[in-house]
Amino acid sequence: MTHNRRVLWLFLLPGTLLYLFLFVGPTLTGLFYSFTDWDGVSPSYQLVGMNNYAKTLHNIVFQKALWNNTKFMLTVVIAQTLVSLALAMLLVKNTKIHVLLRALYFFPTILSSVAVGLIWSFMYDPSLGLINTLLSQTGLGAWGQNWIGGVKIALYAIAGVQVWAHAGQMMIVFIAGLHAIPEELYEAAKMDGGTKWQVFRKVTWPLLAPSATIVVAYTTIQSFKAFDLIFTMTDGGPNYATEILTTYIYHTAFANYSFGMASAGSVLFLILLSILTILQFKALRADRVSY
């Protein structure tokens, strides 16, 4: 019996080694380099203590990226949660047309973020893009914008693309949560004379709390890791209007050759994302208990 247990433990060894090599090792290495002035090229470096962290926190571009990331996250989390929930409510039935529409709404999720960025960059083009062309042809030409070239609107234009690409994915999570709600609860609520809003507020939403927790937490992580989409569409411009933490880290490391500073930014990014995720889980859990 003891021998069999040892054999079973051996099955964990490949996964454990991969995890140590691909995650723990690079994480510890990055943490070490965050205390150095390494430029990513030279074989030598100097230990600088907490200097990189102090410089990063006082860096204007880092502060701008953090603020942009906060706005981007809030916009995407709110919009994507509402859109995906609405789609789930509309397509919850398992009819053929509903299943087909689910597949259509889910389709953008399987596309590469780079491909999505290139497609929407063309659609947002101020001269030839589909958005401005449609507005012009429907008599709303005055609403046309330089969507990803304007400092005030570029970040929200990209947030819209993020929602378009991933709302279908989160819709599936909500549909799974809706299917788990017993039909008897709806029947009892209707017999008590509850309106549709009352049924949603008192029955549907409380029982969707686990699904909402997953959607909000995953969407938050998505919005902080939207590097490929922003890099493809604007590369953080114009004038740092769409610079987020991941693009800041990339530019610091590979454009400015300051890997020590980039590593410090990565550590701060990891800490921030961990804190946000924990707070969201606690808030949503408390909201669930309050019902």
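Below you will find a few notes about this structure. As a convention, each chain's residues are numbered from 1 in the sequence order in which they are written. Restriction of local features to residues with pLDDT of at least 70 applies here, the model being predicted, together with a cutoff of 80 or more for giving and counting side-chain atom pairs; totals for whole chains, interfaces and linings are based on all residues. Processing note: side-chain calculations cover all non-hydrogen atoms of the structure and skip hydrogens and water entirely.

### Things to note about the overall build of the protein chain
Put simply, DSSP marks the helices as runs of H or I at least four residues long and the strands as runs of E at least two long, and each gets a number from the N terminus on. The helix and strand inventory of the protein chain stands at 14 helices and 0 strands. For the protein chain, the succession of helices and strands along the chain, N to C, is α-α-α-α-α-α-α-α-α-α-α-α-α-α. Relative to its full complement of 291 residues, the protein chain shows a buried share of 38%. Every residue pair with non-hydrogen atoms within 4.5 Å of one another is taken to be in contact. Of the contacts formed within the protein chain by residues at least 6 apart in sequence, a portion of 66% connects residues at least 24 apart. Here the protein chain has roughly 17200 Å² of accessible surface; of this, 69% comes from carbon and sulfur atoms. Within this scheme the basic residues Lys and Arg register as positive and the acidic residues Asp and Glu register as negative, but His and the chain ends are omitted. Where a charge lies is defined by one atom per residue type: Lys uses NZ, Arg uses CZ, Asp uses CG and Glu uses CD. Between the centroid of the 17 positive side chains of the protein chain and the centroid of its 11 negative side chains there is a distance of 7 Å. Only protein chains enter the accessibility calculation, which uses a 1.4 Å probe. A residue is then buried if its area is under 20% of the maximum for its type, exposed if over 50%, and partly exposed in between. Each accessible area value is a Shrake-Rupley result obtained with a 1.4 Å probe; residue values ignore everything except the protein chains displayed when judging cover.

### A few points about the packing of aromatic side chains
Centres within 6.5 Å make a pair out of two Phe, Tyr or Trp rings, where for Trp the six-membered ring is used; the pair is then stacked when the planes are under 30 degrees apart, edge-to-face when over 60, and tilted otherwise. Overall, the coordinates contain 19 aromatic pairs when judged by the stated rule. Geometrically, the ring pair formed by phenylalanine 224 and phenylalanine 269 is tilted, given 6.2 Å between the ring centres and 50° between the ring planes. Here phenylalanine 224, found in helix H11 (residues 209–224), pairs with phenylalanine 269, found in helix H14 (residues 259–290); they are 45 residues apart in sequence, far enough to count as distant. There is no split in this pair, since phenylalanine 224 and phenylalanine 269 are both buried. Among the aromatic residues, ring-to-ring pairing joins Phe32, Tyr33, Trp38, Tyr45, Phe227, Phe231, Tyr250, Phe254 and Phe259 into one connected group.

### Details of the environment of glutamine 162
With respect to the secondary-structure elements, glutamine 162 resides in helix H8 (residues 154–179). Glutamine 162 sits 46 residues away from valine 116 along the chain, and the two C-alpha atoms are 9.1 Å apart. Contact partners of glutamine 162, with chain neighbours within four places excluded, come to Phe72, Val76, Gln80, Gln222, Ser223, Ala226 and Leu229.

### Quick word on the environment of threonine 81
Relative to the helices and strands, threonine 81 resides in helix H4 (residues 60–90). Spatially, the C-alpha atoms of threonine 81 and methionine 171 are 8.5 Å apart, while their sequence positions differ by 90 residues. The contacts of threonine 81, once residues within four sequence positions are left out, are Val76, Phe174, Val215 and Val216. Counting of polar contacts relies on pairs of N or O atoms within 3.5 Å, with two restrictions inside protein: one atom must be capable of donating a hydrogen and the other of accepting it, and residues adjacent in sequence are counted only when both atoms are side-chain atoms. Among the polar contacts listed, one links the side chain of threonine 81 to the backbone oxygen of valine 77, at a separation of 2.6 Å.

### Details of the environment of alanine 154
On the secondary structure map, alanine 154 appears in helix H8. Note on alanine 154: relative accessible area 0%, which makes it buried. Linking alanine 154 and threonine 242, residues 88 residues apart in sequence, is a C-alpha distance of 6.7 Å. Among all residues touching alanine 154, those that are not within four sequence positions of it are Trp147, Ile148, Pro238 and Thr242.

### Here we look at unusual backbone geometry
In this structure, proline 238 follows glycine 237 across a cis peptide bond, with omega equal to -5°. Positionally, proline 238 belongs in the loop between helix H12 (227–233) and helix H13 (245–255). In this structure, asparagine 239 is a non-glycine residue whose phi angle is positive, near 55°. Unlike most non-glycine residues, tyrosine 257 shows phi in positive territory, near 50°. Tracing the backbone through its elements, the reader meets tyrosine 257 in the loop between H13 and H14.

### Side note on the side chain of serine 263
Within the secondary structure, serine 263 is located in helix H14. Overall, the relative accessible area of 13% leaves serine 263 in the buried class. Aside from chain neighbours lying at most four places away, what touches serine 263 is Gly30, Tyr33 and Ser34.

### Considerations on the nonpolar core
Formed by 22 residues in total, the largest nonpolar core has its most connected members in Phe72, Trp120, Tyr124, Ile158, Val161 and Met233. If you list the elements that add at least two residues to this core, you get H4, helix H6 (113–123), H8 and H12. When residues of this core are assigned to their parent elements, the largest contribution, 8 residues, is made by H8. Dropping the residues within four chain positions of it, methionine 233 is found in contact with Gly117, Trp120, Ser121, Tyr124, Ile148, Ile158 and Val161. Here, nonpolar core means buried Ala, Val, Leu, Ile, Met, Phe, Trp, Tyr and Cys residues that are tied together by side-chain atoms lying within 4.5 Å of each other.

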